[in-house]
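Listed here are the chains, written in short residue letters.
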Amino acid sequence: MSADSGWTRSRWLSWHSLAVFAFLYLPIVTLIVYSFNGTGVGGFPPRDLTLNWYRQLFADGAIWTSVANSIVVALAAMVISLAIGIPAALALDRGHFPGKALFRRLVLLPLILPGIITGLSLLMLFRQVGLRLSLLTIILGHGTALISVATAEVFAGLQKLERAQEEASLDLGANYWQTFWRVTIPNLRLSIIGAALLIFTLSLDEIAVSFFLIGRDNTLPLEIWGRLRRGITPEINAISTIIFLFSLFAIVAWYRLRVAAQGKAEIGTELAEAAATTG
Amino acid sequence: MGTITQSVDAQSAQAKPGSSLLSIREVSKSFGKNLVLRRISLEVAEGEFLTILGESGSGKTTLLRIIAGFENADSGEIVMSGERLDLLPPYRRRVNTVFQNYALFPHLNVRDNIGYGLSVTKLPKSEIASRVEQALAMVKMQTYANSKPAQISGGQQQRVALARALVNRPGLLLLDEPLSALDANLRRQMQVELKSLQHEVGISFVFVTHDQEEAMVMSERIALLRMGDLEQVASPREIYNRPATAYCAQFIGHTNLLRGEVKDGVARCNALSWRTGLRDGLGLFSLRPENIRPAVGAAAQGMVRFRGKIKNQAFHGATELLQVECTDGLLLFVRTSSQGNWRDEMELEFAAADAVPVRESHEAS
Amino acid sequence: MFSRSYRAAITLPPLLWVTVFLLVPYAIVFFYSFWSVSPGQAIVHSWTLNNYCELLRVGVYLQTLFRSMWIAARVMILSLLLGYPLAYHLSFHAGKRKELFYQLVIIPLWVSYLVRAYAWKTILGSDGVLNTLLQYVHLTSHPWNFLLYSPFAVVLTLTHIYTPFAFLPIYASLEHIPRDLVEASNDLGAPPLQTFWRVILPLSIPGVVAGATFAFVLSLGDFLAPLLLGGPSGIMISNIVVSLFGAAYNWPLGAAISFCMLLLVVGLLFLSERLERKWAFR
């Protein structure tokens with residue numbers, strides 16, 4: 001009897017899960033399908049399979065300029081977030097200083113704070129010190145907001161790092177600096193690569209903070225945003241499909257790396273857990 | 001109690017004849033309100049194999065970490081070859097450690113693990129390479145030089161950890177329960193290897209363990225630590241035969257503790273009595289089970305005889321452990337060679353000299 | 001074991017950065033909220049409580065705030081209703097395909113937020129995919145215009161975006177439940193449903209709280225989905241802030257609203273942390 005009800009329950013659950021997956025993937029599938037649709041976005045059923053939108057996309061200078069801008073921003077933001085986030089994680093793990101609890105909350109806050117607040121508070125700062133809005137201000141904005149990601153990921157990695165690793169290095173005659181580069185960083189390798197990848201994609205996609213800090217040069221999401229306000233065009237489906245495939249490739253690569261290194265991969269759970277205790 | 005312990009320890013803490021390499025002076029350490037080490041003084045001689053023995057929580061690992069430099073002592077000092085060791089950062093100390101779980105670097109192969117300490121020095125590359133090869137040969141790991149730590153067995157990891165620590169030619173090697181992760185057979189084999197290796201390289205070893213048998217087998221001297229106090233520092237033989245405290249007697253080997261009274265040169269414990277040189281007062285004696293035996297013939301000078309009933313009998317292979325109840329109800333353990341056919345009641349004896357007076361150990365709180 | 005200079009080296013740079021780029025900006029928002037704008041659109045640097053009075057006096061601000069909270073609450077509940085059973089199913093009943101399914105939940109997160117909102121727009125529009133499909137199968141002859149430009153569209157889109165966010169912490173907390181607890185409960189005679197109510201659900205509460213906080217806070221502050229899909233009836237509080245910082249040009253009032261939002265978020269995080277602590281048995 002219990003086996004029977006168990007089966008019923010799990011069948012119910014299966015249908016539910018299937019429905020959720022359908023809900024999650026419906027827009028993505030629609031997006032991809034209509035990027036090949038000759039009659040534009042909308043209209044059922046899709047007809048006139050075409051690559052025209054991709055052709056149009058590749059000839060569209062403004063989009064590619066914004067893609068280049070976005071990549072520059074994402075790379076620079078990645079460097080800033082890691083350069084500040086890794087020491088921040090170390091400080092949370094092994095530093096003793098007054099206000100540490102406040103520091104932890106502040107660093108991790110942008111992880112869950114709506115982007116609008118981060119964006120406009122930085123806008124006010126830059127206005128106050130007279131910094132002109134440009135890609136640089138976006139980089140500073142993304143870098144600051146995404147320190148939280150680097151800190152959360154690296155801190156989770158540090159919890160798994162055996163303290164004896166660093167002790168052994170010091171014991172064998174390496175000083176703190178040598179130990180940091182030759183033992184601490186290699187041991188945190190996976191966390192750092194994971195954080196870097198996450199920061200890169202999040203920055204590439206970021207719009208709320210950029211919205212306030214944008215100067216003359218558009219990032220890709222802002223370029224798309226601008227076009228959406230003017231009307232719907234399948235070119236956007238095309239560029240989104242390309243970026244989606246690129247992201248998918250990145251996840252698979254990361255997944256492989258992680259499975260090879262430790263036999264399992266759970267992207268983002270550490271982040272979720274860290275964010276959950278941000279308050 | 002405290003003052004007696006210190007005065008006695010101050011004597012026994014003297015190193016064996018030979019020059020002193022390391023001297024630990026009045027080192028104390030607490031974590032919060034928890035006092036972990038209480039004014040520990042200990043000498044380590046050049047080329048000596050010294051074991052710090054204690055149960056978990058005795059402070060033995062903390063003492064080791066203070067010598068290595070991973071913890072700072074609250075007070076006291078440590079001197080090595082005439083130089084203050086405790087003021088140096090860990091990477092300046094001529095002390096190397098074999099960690100409990102080896103702490104091999106997972107991202108480096110066996111050769112690079114061993115070469116790690118040399119690679120941060122300014123030695124020429126060729127010399128580093130040849131010393132690493134020597135070290136690999138010393139622990140017979142040449143064929144695994146390119147393996148990552150995760151690819152070799154526990155015993156092999158143990159060897160690599162040893163080679164990695166010894167290749168730097170430290171003045172002193174610290175070993176933090178290095179054998180505890182190994183299974184019993186491998187463990188016995190490594191005990192022998194470690195001992196002969198120490199003989200070969202001639203470096204002083206300070207070995208931390210909770211296993212009294214391991215301590216007995218390997219050490220020249222044992223420092224027995226209990227709740228942050230040194231109970232006794234002496235050779236295994238001396239600790240076994242002349243335990244200083246009740247705790248020493250019980251922790252190292254098996255013993256009968258006899259609590260009694262001394263009056264006019266005679267010690268009395270229940271119905272047992274024997275002549276002793278102690279002054280009047282309460283007395284505590286340790287009597288090893290193997291020093292009690294079935295009585296034969298007439299009682300000799302200095303022997304104590306009594307009758308007992310066998311309550312329990314446990315077969316241990318070469319020996320047998322009996323639990324005997326004396327006529328007055330006192331329970332004693334007796335170890336004899338295995339014969340099997342004991343009568344229920346019999347006459348037993350021990351030499352008065354084997355009832356070793358010991359100091360009371362303060363109760364664990 | 002770490003020297004003082006090591007600690008200083010790892011602590012000072014992040015401390016400095018966080019102070020300059022997080023703490024100071026929040027402080028500026030706070031100060032701005034007590035300033036005002038002259039008719040000539042210059043910032044007047046004299047202290048006044050007018051902005052906060054205005055928030056309470058002019059109905060539209062509070063109304064919009066409450067509408068935003070109501071939208072966020074619906075998003076939160078829907079995300080939990082979708083995310084929890086999914087997380088439970090994957091954690092306890094998915095068997096060998098667990099990893100794969102897990103990745104399948106994560107992958108939509110890697111598609112741009114904006115693009116997904118846009119995709120919903122192409123689905124829900126009056127000549128969008130859904131309406132043309134309905135007409136194609138003759139379920140309706142006229143397009144349903146109420147689908148797009150409504151709070152419904154905003155709730156649907158935000159639920160789509162934040163369901164994986166709600167799922168993640170719930171899944172993590174379910175994965176942390178030792179399986180022998182479930183076996184012990186079964187062994188003690190509790191049927192599966194009882195085991196769920198009395199063992200699994202209580203132990204997964206911290207994950208639920210975290211997921212709910214994510215969904216609520218992030219959708220509360222959203223302004224892009226309302227702009228894109230909300231229409232006039234789907235305006236949220238952040239849209240007002242955006243217009244105050246843009247066309248309406250009243251930064252001090254915008255700062256006052258933002259500061260209230262910041263306080264609200266910090267308060268919610270504080271509350272959710274308390275709740276999680278209360279339910280954390282580890």
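Residues numbered from 1 in each chain as written. Chains lettered and ligands numbered in written order. Predicted model: local features only at pLDDT ≥ 70, side-chain atom pairs only at ≥ 80, totals over all residues. Heavy atoms only, no water.

1. Quick notes on the pattern of salt bridges
Logical step 1: Taken as a whole, this structure holds 33 salt bridges over all chains when the rule is applied.
Logical step 2: As a salt-bridge pair, A:R104 and C:E273 come within 3.8 Å of each other at their nearest N and O atoms. Taken together, the positions of A:R104 in helix α4 (residues 100-108) and C:E273 in helix α12 (residues 251-279) put the pair across two chains.
Logical step 3: Its relative accessible area of 25% is what places A:R104 among the partly exposed residues.
Logical step 4: Residues participating in the shared-partner salt-bridge network are A:D60, A:E223, A:R227 and A:E235. (Salt bridge = Lys/Arg side-chain N within 4 Å of Asp/Glu carboxyl O. Helix = DSSP H or I, 4+ residues; strand = E, 2+ residues; numbered from the N terminus. Buried < 20%, exposed > 50% of the residue type's maximum accessible area, 1.4 Å probe, protein only.)

2. Digging into the environment of B:Q313
All names here are of chain B.
Logical step 1: If you trace the backbone, Q313 turns up in strand β16 (residues 303-315).
Logical step 2: What makes Q313 partly exposed here is its relative accessible area of 39%.
Logical step 3: In terms of polar contacts, Q313 uses its side chain to reach the side chain of E320, at 2.6 Å. (Polar contact = N/O pair within 3.5 Å; in protein donor to acceptor, adjacent residues only side chain to side chain.)

3. Thoughts on the nonpolar core
Logical step 1: Ranked by size, the top nonpolar core spans 174 residues in total, and within it A:L82, A:I116, A:M124, C:F167, C:L174, C:I200 and C:I257 carry the most contacts.
Logical step 2: What A:I116 contacts, discounting residues up to four positions off in sequence, is A:A208, A:F212, C:G221, C:F223, C:S238, C:V241, C:V242 and C:M261.
Logical step 3: Among the nonpolar cores identified, the runner-up in size contains 40 residues, and B:V44, B:I66, B:V95 and B:A223 belong to it. (Core = buried A, V, L, I, M, F, W, Y, C linked by side-chain atoms within 4.5 Å. Contact = heavy atoms within 4.5 Å.)

4. Some words on the domain arrangement of chain B
All names here are of chain B.
Logical step 1: Domain assignment breaks chain B into domain 1 (2-94 + 170-250) and domain 2 (255-357).
Logical step 2: Listed per partner, the contact involves 8 residues of domain 1 and 9 residues of domain 2.
Logical step 3: Summed over both partners, the interface of domain 1 with domain 2 buries about 700 Å², with 51% contributed by carbon and sulfur atoms.
Logical step 4: Our count for the domain 1 to domain 2 interface comes out at 0 salt bridges.
Logical step 5: Across the domain 1-domain 2 interface, the total number found is 3 residue pairs in polar contact (both at pLDDT 80 or more).
Logical step 6: Those elements giving two or more residues to the side of domain 1 that touches domain 2 turn out to be α8 (236-241) and α9 (246-251).
Logical step 7: Taken together, the residues of the side of domain 1 that touches domain 2 sort by class into 5 nonpolar, 2 polar and 1 charged. (Domains from an automatic or database assignment. Buried area = accessible area lost by both parts, 1.4 Å probe. Nonpolar A, V, L, I, M, F, W, Y, C, P; charged D, E, K, R; others polar.)

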